[in-house]
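An overview of the molecular structure
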Amino acid sequence: MASGLDTQRLDSVFQSRPDILEDIRKAAGIYLTISTKYIYDLYSCLPKHIDSPSRVQLFNKIASFVYEQIGDQPSGASLKRRRVDIEPSQNGNAPNGTAPATIEDVTSENILLKIKDISVSIPQRKKFELCFTPKHLYARTPGTTAPAPGITYAWKDIEYAFYLPVPEKSQVQHNYVLFPRNSYSLSKSGTPTIDPLVFTVSAGTPKPGSIGGPNAGAASAVSDSYTTLFHWALNKCLQAAGNNVQIVAADPAKFHSKVRQPHRPKEPAVHVKAFRGSKDGYLFFLDNGILWGFKKPLLFIPLDRIAAISYTSVLQRTFNMVVEVFTGENGDNETTEEFEFAMLDQEDYAGINENYVARHGLQDRSMADQRKAKRELAENAKGKKDGDGEGEDANGHIGEDGMTELERAQREAEQQLQDEEDEDEEDYDPGSEGESEGSGSSSEEDDDDDDAEGDEMEDEDDELGEGDE
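All chains use their own residue numbering, which begins from 1 and follows the written sequence. Local features are withheld for residues below a pLDDT of 70 in this predicted model, meaning they are given only at 70 or higher, and side-chain atom pairs are given and counted only at 80 or more; totals for whole chains, interfaces and linings count all residues. Only hydrogens and water are removed before side-chain values are computed, so all heavy atoms of the structure are retained for them.

Residue placement: Asn 243 occurs in the loop between helix H7 (226–240) and strand E11 (247–249). Here the term buried applies to any residue with accessible area under 20% of the maximum for its type, exposed to any over 50%, and partly exposed to those in between, with areas from a 1.4 Å probe on protein chains only. In this structure Asn 243 comes out as buried when scored by relative accessible area, which is 8%. Within polar-contact distance, the side chain of Asn 243 engages the backbone oxygen of Ile 158 at 2.8 Å. Secondary structure elements follow DSSP: runs of H or I of four or more residues count as helices, runs of E of two or more count as strands, with numbering from the N terminus. We define a polar contact as two N or O atoms separated by no more than 3.5 Å, with the added condition that, inside protein, one atom must be a possible hydrogen donor and the other a possible acceptor, whereas residues neighbouring each other in sequence contribute only through side-chain atom pairs.

Now for empty space enclosed by the protein. In this analysis, the protein atoms alone were mapped onto a 1 Å grid. Cavities are point sets where a 1.4 Å probe fits without being able to get out; pockets are open sets with protein on both sides within 12 Å along at least five of seven lines; lining residues have an atom within 4 Å of a point. Grid points are joined across faces, edges and corners, and a volume is the space filled by probe spheres set on the points. Under the definition given, this model contains 2 cavities of 30 Å³ or more. Taken as a whole, the largest cavity encloses approximately 50 Å³ of empty space. There is about 40 Å³ of room inside the second largest cavity. If you go around the second largest cavity, the residues you meet are Ala 249, Ala 250, Asp 251, Lys 254, Phe 255, Phe 285, Leu 286 and Asp 287.

Across the junction of Ile 122 and Pro 123, the peptide omega takes the value 10°, indicating a cis bond. One can find Pro 123 in the loop between strand E3 (113–122) and strand E4 (126–132). Cis geometry marks the peptide bond from Gly 293 to Phe 294, where omega comes out at 5°. Relative to the assigned elements, Phe 294 resides in the loop between strand E14 (289–293) and strand E15 (299–302). Located in the positive-phi region is Glu 168, a residue other than glycine, with phi close to 60°. Locating Glu 168 in the fold gives a position in the loop between strand E7 (158–165) and strand E8 (173–180). Judged by its relative accessible area of 31%, Glu 168 falls in the partly exposed class.

One finds Phe 162, Met 321, Phe 341 and Ile 352 to be the most contacted residues of the largest nonpolar core, which totals 42 residues. With 5 residues, the top contributor of residues to this core is strand E13 (residues 279–286). Among the buried residues, those of types Ala, Val, Leu, Ile, Met, Phe, Trp, Tyr and Cys that are joined through side-chain atoms within 4.5 Å form a nonpolar core. Judged by nonpolar contacts, the second largest core, of 31 residues, contains Val 120, Leu 137, Tyr 163 and Leu 238.

Pairing of aromatic rings covers Phe, Tyr and Trp, the last counted by its six-membered ring, and requires centre-to-centre distances within 6.5 Å; plane angles under 30 degrees mean stacked, over 60 mean edge-to-face, and any other angle means tilted. On inspection of all chains with the given rule, the structure shows 21 aromatic pairs. Here Tyr 226 and Phe 230 contribute two aromatic rings whose centre-to-centre distance is 6.5 Å and whose plane-to-plane angle is 25°, an arrangement assigned as stacked. In this pair, Tyr 226 and Phe 230 both sit in helix H7, 4 residues apart, roughly one turn of the helix. Assessed through its relative accessible area of 7%, Tyr 226 is described here as buried. We classify Phe 230 as buried; its relative accessible area is 0%. Through successive ring pairs, a cluster of aromatic residues spans Phe 132, Trp 155, Tyr 163, Tyr 176, Phe 199, Tyr 226 and Phe 230. In this scheme, the term charge over a ring applies when either NZ of a lysine or CZ of an arginine sits within 6 Å of the ring centre and within 35 degrees of the ring normal. For Lys 188, the ring lying beneath its charged end belongs to Phe 339, and the centroid distance is 5.9 Å. One cation-aromatic arrangement involves Arg 276 over Trp 292; the distance from NZ or CZ to the ring centre is 5.7 Å.

Right, let's get into the confidence of the model for the chain. Predicted coordinates in regions of low pLDDT should not be interpreted in detail. Per-residue confidence for the chain gives a mean pLDDT of 76, with 60% of residues at or over 70. Across the chain, each position has a pLDDT score giving the predictor's confidence in that residue, from 0 to 100. Any two residues having at least one pair of non-hydrogen atoms within 4.5 Å are treated as being in contact. Confidence drops under pLDDT 50 across residues 31–50; counting only partners more than four residues distant or on other chains, this segment forms 28 contacts.

If you want it as structure tokens, here you go:
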């Protein structure tokens, strides 16, 4: 039985998690001072059972087991040398048959920019350093070199990006929300394979010394606030990766709540309180869809996936909103499911219904086909570009006709709908339609009936005349 902790093996196993290592040492009654690197025995000031031989043996067994699982490595070997797939880089499957990135791949990339002391709330609630590389954005614990588990995102995989105010805060704060592919599901039976990234910034300027990396000089020119800094950094990296995703912000001129904010009463709120099941959260009505946050799992419903919006349980103070969404895949585009958001304030009913639902034609399914056509054309156009290997135009570059791929897809969708309407008008034949409904022959039948009735009346008059004679 070991008389003390196997600190060398513990250091090797838990090198990337100093928090766990410190907890183990504290639980075993040993504390390593940072300033002198000497070990002090706290046995005298801790409960007797803490430094028990059985507990020490348990920790050693845990370390030995993990050590055997990862294989024998030289003392002090960096965690990055282990070939382990990074969870969020997989996204279910690797595009174009390429292998998923590994910790070694991401860690070996040059860090272009790093920003310290950023509060991340999803996937983990903790302060991290955010590192920008040519291919990835990842978070890491201060003092480490490897990405934190589950917080690595490829720039090319980012599908939506948002900049939204944090509700119910006395000080102005904003959340950046990045949705990579497979980070949300429009099917109730589906489960996202990865988490989106949500981190919070204040309205102030970055702290001195918090920005590092080769691009720190260029970043200092746009560091009047965290907002200008992160907008610049995110847009630059997305564009460099060939991703044309734009950061979408809530616009109070297009939609804002009628409910007065208690924390900042002079500022219009761009969110609406709503429950999703038993979880309370906030709805944001944005130009490209509806977002519900900021509790797991976050939900974003793109505008072109919405079939219709209706209302239920309309009471004096609250009402519920039901969003019918298209969830079908593999050609089955008529499959829909409903998401219900409850306990919305009645004061927001008119604003939601008039300023958002009616403006986007979401009150019924009449405009759903047009939204679907735009989405399908855009997806087909992007798929064609990817298949031909011409990825340059997929990032929003303007083509020979002066239009981007999305604008071209929208124009084609509108033209397709117009052609269908023209065909319907050309096929329309009032005469044939009248005959089919029986209206074209009604006048003739009426004339025949009038003639028949006239003949009968004449016969009756003759019979009456003969009777008089």
